[in-house]
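Structural features, examined
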Amino acid sequence: MENKNIDFVARHYRKGLFAADKALARMGIRYVRWWTPAKIAAAVAVFVVFGATAAILIRNTHYMPSNENVVHEETAPASVAEIKVIDFEDIPLTAVVEKIKEVYGVEISGLPENAGDMRLSLHYEGTAADLVETINDILGTEMEISGK
């Protein structure tokens, strides 16, 4: 019995006999494909562009710092901003200040009265401003740099 069914289908089968667009055309209904591959690709491209634009706008508005809280720092003279290496081995603070003046070419104010009694051993690589700040932290002084 199964062979009879298969034989019947094989004898009467025609390519496109059960196609939806041909069946609709026979009934007088025009079948139109709305989503062609080209239209699908165009729609995907539009969604990608809109998604990327939205992501950029969200990032710029929510994650970028506002200009209200920006602290503007004054620029230091070129000699203060230069990174140099300097070494001190059990030297009085007055000699340290003179060495900083010589190496970095800056003036230092606020030297304490007992600077001759304070001694310092230090290997430092950085700017004059950072060096003076480090010495202030170590010795508890309040020295400052003033440009030449």
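The structure displayed is predicted, hence computed values, not measured ones. (Residues numbered from 1 in each chain as written. Predicted model: local features only at pLDDT ≥ 70, side-chain atom pairs only at ≥ 80, totals over all residues. Heavy atoms only, no water.)

Right, let's get into the side chain of Thr127. Residue placement: Thr127 occurs in the loop between strand E3 (119–126) and helix H6 (128–139). Exposure remark for Thr127: the relative accessible area of 14% places this residue in the buried category. A distance of 3.2 Å separates the side chain of Thr127 from the side chain of Asp130, its partner in a polar contact. (Helix = DSSP H or I, 4+ residues; strand = E, 2+ residues; numbered from the N terminus. Buried < 20%, exposed > 50% of the residue type's maximum accessible area, 1.4 Å probe, protein only. Polar contact = N/O pair within 3.5 Å; in protein donor to acceptor, adjacent residues only side chain to side chain.)

Once their charged atoms are close, side chains differing in charge can pair, the charge on each being opposite to the other. All told, the structure shown has three salt bridges when counted by the stated rule. One salt bridge in this structure joins Lys101 and Glu107, with 3.8 Å as the shortest N-O distance. For Lys101, a relative accessible area of 21% gives the class partly exposed. Beyond isolated ion pairs, a larger network of salt bridges with shared partners links Glu98, Lys101 and Glu107. (Salt bridge = Lys/Arg side-chain N within 4 Å of Asp/Glu carboxyl O.)

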